[in-house]
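Fold and geometry: a report
Each chain, letter by letter, is given below.
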Amino acid sequence: MKQTLKELKYAMYLTVHPFKGFWDIKYEKEGSLRTAFILLAATILVQIISNLKTGYLFGGVSINYNFMRTVVSSLFLFFAWCLANWCLTCLSDGKGTFKDIMMFTSYSLTPYIILQLIMVVVSNIFIQREATFYTMLGGLSIVWVAFLLVTGMLTTHHFTLTRTLVVLAFTILGMVVIALLIVMVFAMFQEVLGFISTVVDEAIRRMTY
């Protein structure tokens, strides 16, 4: 427990000292996969809280909100990112393992967790005229996470900034390809199930009559 708390505290340190932070996570063992999954779970939980508790004036959702959709989509985005990045870094001689990628990705989500919780609170306090500050917080969380992802990739894989940005662009493209492949496989699976169901129904009908 103490070690986990220490690693979570280090995640806070990493948000403002990213180069040293990511280096220490990889080479000085200041982080762990356990803490990475805690941060991932916290990110998903914060998304659910945001959808359920954000003030009405700032886009709070209806009672029909399905939290499982948030869980599935978040896990898909996370693992699709990690898989695509790992495949590309293997081809481009990156130094990070799949575990390293999962860790720097999860740790990069720390600012999102903090700022989204703040946004939930202020959305229930602010009025519409103060929406600019709320929007700025949302933008800051995205930019901060993006900066940490770039820094984490650069530090973990020993890339130059140019190569990092190129791999980042192709990683996003790879995520799209993974999503398309999953959709295609799912569609084919449905077709096969439909065919099997039709054959079985026809066989039962013939046996019955």
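Everything below is about the structure printed above this text.
Cut-offs used in this document
Residues numbered from 1 in each chain as written. Predicted model: local features only at pLDDT ≥ 70, side-chain atom pairs only at ≥ 80, totals over all residues. Heavy atoms only, no water. Axes fitted to C-alpha atoms, helices over the stretch in contact; angles between N-to-C directions. Helix = DSSP H or I, 4+ residues; strand = E, 2+ residues; numbered from the N terminus. Left-handed = near helix turned anticlockwise from the far one by under 90°. Contact = heavy atoms within 4.5 Å. Nonpolar A, V, L, I, M, F, W, Y, C, P; charged D, E, K, R; others polar. Patch = residues over 30% accessible without salt bridge, like charges linked within 9 Å, V, L, I, M, F, W, Y side chains within 5 Å. Areas by Shrake-Rupley, 256 points an atom, 1.4 Å probe, with all protein chains shown as cover. Salt bridge = Lys/Arg side-chain N within 4 Å of Asp/Glu carboxyl O. 1 Å grid on protein atoms, 1.4 Å probe; cavity = no way out; pocket = protein on both sides within 12 Å on 5 of 7 lines; lining within 4 Å. Points joined across faces, edges and corners; volume = space filled by probe spheres on them. Buried < 20%, exposed > 50% of the residue type's maximum accessible area, 1.4 Å probe, protein only. Core = buried A, V, L, I, M, F, W, Y, C linked by side-chain atoms within 4.5 Å. Phe/Tyr/Trp six-rings, centres within 6.5 Å; stacked < 30°, edge-to-face > 60°.

**Structural notes on the packing of helix H2 (residues 18–27) against helix H5 (residues 98–108)**
A pair of packed helices can be characterised by two numbers: the angle between their axes and the separation between those axes. Where H2 meets H5, the closest approach of the two axes is 11 Å, and the angle between their N-to-C directions is 145 degrees. Where H2 crosses over H5, the two elements pack in a sense that is right-handed. In contact with Phe22, Ile25 and Lys26 of H2, H5 contributes Asp100, Met103, Phe104, Tyr107 and Ser108. Its residues placed into classes, the contact of H2 with H5 shows 5 nonpolar, 1 polar and 2 charged.

**Looking at a nonpolar patch on the surface**
Together, Val166, Phe170, Leu173, Val176, Val177, Leu180, Leu181 and Met184 line one region of the surface with nonpolar side chains, adding up to about 730 Å² of accessible area. By the secondary structure assignment, methionine 184 is in helix H8 (residues 161–208).

**Notes on the layout of surface pockets**
Of the pockets and cavities examined, the largest pocket occupies roughly 580 Å³. Taken together, 21 residues line the largest pocket, and the ones lying closest to its centre are Leu77, Phe78, Leu109, Val145 and Leu149. Counting only elements with at least two residues in the lining of the largest pocket, the list comes to helix H3 (33–53), helix H4 (67–91), helix H7 (131–157) and H8. Broken down by element, the residue count for the lining of the largest pocket peaks at 6 residues, all from H7.

**Brief notes about H5**
Burial of H5 is extensive: 9 of the 11 residues sit out of reach of the surface. Of the positions making up H5, those classed as buried are Asp100, Ile101, Met102, Met103, Phe104, Thr105, Ser106, Tyr107 and Ser108.

**Concerning the environment of glutamine 3**
Examined against the element boundaries, glutamine 3 turns out to sit in helix H1 (residues 2–16). For the pair glutamine 3 and threonine 35, spaced 32 residues apart in the sequence, the C-alpha separation amounts to 9.4 Å.

**As for the environment of leucine 148**
For leucine 148, the location among the structural elements is in helix H7. Separated by 41 residues in the primary sequence, leucine 148 and tyrosine 107 place their C-alpha atoms 8.4 Å from one another. Not counting chain neighbours up to four residues away, the residues in contact with leucine 148 comprise Leu14, Thr15, Pro18, Phe22, Ser108 and Pro111.

**Looking at the nonpolar core**
Core analysis: the largest hydrophobic core is formed by 36 residues, its most contacted members being Trp81 and Tyr107. Secondary-structure elements contributing two or more residues to this core are H1, H2, H3, H4, H5, helix H6 (110–123), H7 and H8. Apart from the residues lying within four places of it in its own chain, the contact partners of tyrosine 107 are Glu7, Ala11, Leu14, Phe22, Ile25, Glu30, Gly31, Ser32, Thr35, Ala36 and Leu39. In terms of nonpolar packing, the next biggest core, distinct from the first, is built from 6 residues, Leu115, Phe126, Tyr134 and Leu137 among them.

**Quick notes on the packing of aromatic side chains**
If you walk through the whole model with that rule in mind, you get 5 aromatic pairs. Relative to tyrosine 13, the ring of tyrosine 10 lies with its centre 5.1 Å away and its plane at 40 degrees, an arrangement referred to as tilted. Of this pair, tyrosine 10 and tyrosine 13 both sit in helix H1, separated by 3 residues, roughly a single helical turn. Considering the side-chain rings of tryptophan 23 and tyrosine 27, the 4.3 Å spacing of their centres and the 40 degrees angle between planes classify their relative orientation as tilted.

**Digging into the pattern of salt bridges**
Per the stated rule, a full pass over the model turns up 4 salt bridges. We note a salt bridge from glutamate 7 to arginine 34, for which the minimum N-O separation is 3.6 Å. Pair noted here: glutamate 7 is in helix H1 and arginine 34 is in helix H3, with a separation of 27 residues, a long-range link. Classification of glutamate 7 by relative accessible area gives buried; the value is 3%. Arginine 34 gets classed as partly exposed once you look at its relative accessible area, which sits at 43%. Two residues, lysine 95 and aspartate 93, come together in a salt bridge whose shortest N-O distance is 4.0 Å. For lysine 95, a relative accessible area of 45% puts it in the partly exposed group. Its relative accessible area of 52% is what places aspartate 93 among the exposed residues.

In short, the description is geometric, and any link to function would need to be established separately.
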